[in-house]
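Understanding the architecture of this molecule
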Amino acid sequence: QAQLVESGGGLVQPGGSLRLSCAASGFTFTDYAMRWYRQAPGKERELVAAIGSTAEYTNYGDTVKGRFFISRDNARNTVFLQMNNLKPEDTAVYYCNARRVYGVKVTGYWGQGTQVTVSS
């Protein structure tokens, strides 16, 4: 069955960097746009970054523009999120999402999440 597995989270000091990975399996990766979301305690889930199925576009949330960069390797069925100049407010659980819109049908999958903590 479809599966998304995130990795790369952890504890980092303010100003540091992390690279998250999301490995996909069980579905045709190149048919899906990929997104990273995050959710901090007591807050709603927030879209962080998105990338088209062939990387034809990338989009970013206003709070991460210029610091975070999304990319994908379709040969390895993996999407990445490079996070630079991290701030304490970036602390959250980060989720990988695959989404495909085919006519009126929307198909999506979620990973289990990886914790990112930014603290000195």
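Scope of this entry: the structure provided in the associated data block. (Residues numbered from 1 in each chain as written. Predicted model: local features only at pLDDT ≥ 70, side-chain atom pairs only at ≥ 80, totals over all residues. Heavy atoms only, no water.)

**Overview of the overall build of the protein chain**
Selection rule: Comment: elements are numbered from the N terminus, with helices defined as DSSP H or I runs of at least four residues and strands as E runs of at least two. Our radius of gyration looks at C-alpha atoms and nothing else; its globule reference is 2.2 Å times the residue count to the power 0.38. For every residue, the accessible area obtained with a 1.4 Å probe (protein chains only) is divided by the maximum for its type, and the residue is called buried under 20%, exposed over 50%, and partly exposed between those limits. Any pair of residues with heavy atoms lying within 4.5 Å of one another is described as a contacting pair.
Helices and strands together make up the secondary structure of the protein chain, namely zero helices and eleven strands. In sequence order, the protein chain lays out its α and β elements as β-β-β-β-β-β-β-β-β-β-β. Expected size for 120 residues packed as a compact globule is a radius of gyration near 14 Å; at 14 Å, the protein chain falls within 12% of this value. Within the protein chain, the proportion of its 120 residues that are buried is 41%. By sequence separation, contacts in the protein chain at least 24 residues apart represent 54% of the contacts at least 6 residues apart.

**Details of the sheet that holds strand β8 (residues 78-83)**
To keep things clear, this is the line we draw: Pairing between two strands is assigned when DSSP locates at least 2 bridges connecting them. Each axis is a line fitted through C-alpha atoms, and for a helix only the stretch in contact is used; angles between axes span 0 to 180 degrees, taken between their N-to-C directions.
The sheet built from four strands is open, its strands ordered β1-β3-β8-β7 with antiparallel pairing. The strands lining the two open edges of the sheet, one partner per strand, are β1 (3-7) and β7 (68-73). Each strand of the sheet is rotated relative to its neighbour by a mean of 15°, with strand direction disregarded. Pairing of strand β3 (residues 18-25) with β8 involves six bridges; the strand directions are antiparallel. Note on β8: the bridge partner recorded for L18 is M83.

**Considering the pattern of salt bridges**
The following threshold applies: Take a side-chain nitrogen of Lys or Arg and a carboxyl oxygen of Asp or Glu: if they are within 4 Å of each other, that pair is a salt bridge.
Scanning all chains against the criterion turns up five salt bridges. Across the salt bridge formed by R38 and E46, the nearest N and O atoms sit 2.9 Å from each other. Overall, the relative accessible area of 30% leaves E46 in the partly exposed class. Residue classification places R38 among the buried residues on the basis of a relative accessible area of 6%.

**A word on the nonpolar core**
Across soluble globular proteins, nonpolar side chains have a tendency to be buried as a group. Note the following rule: Note on terminology: a nonpolar core comprises buried Ala, Val, Leu, Ile, Met, Phe, Trp, Tyr and Cys residues joined through side-chain atoms within 4.5 Å.
Within the largest apolar cluster, 28 residues are counted, with the highest numbers of intra-cluster contacts made by M34, W36, V79, L81, M83 and Y94. The set of elements that each furnish at least two residues to this core consists of β3, β4 (33-39), β5 (46-51), β7, β8, β9 (92-102) and β11 (114-118). Not counting residues within four places of it along the chain, the set of residues in contact with V79 comprises L20, S21, C22, F29, M34, W36, I51, I70, S71, R72 and C96.

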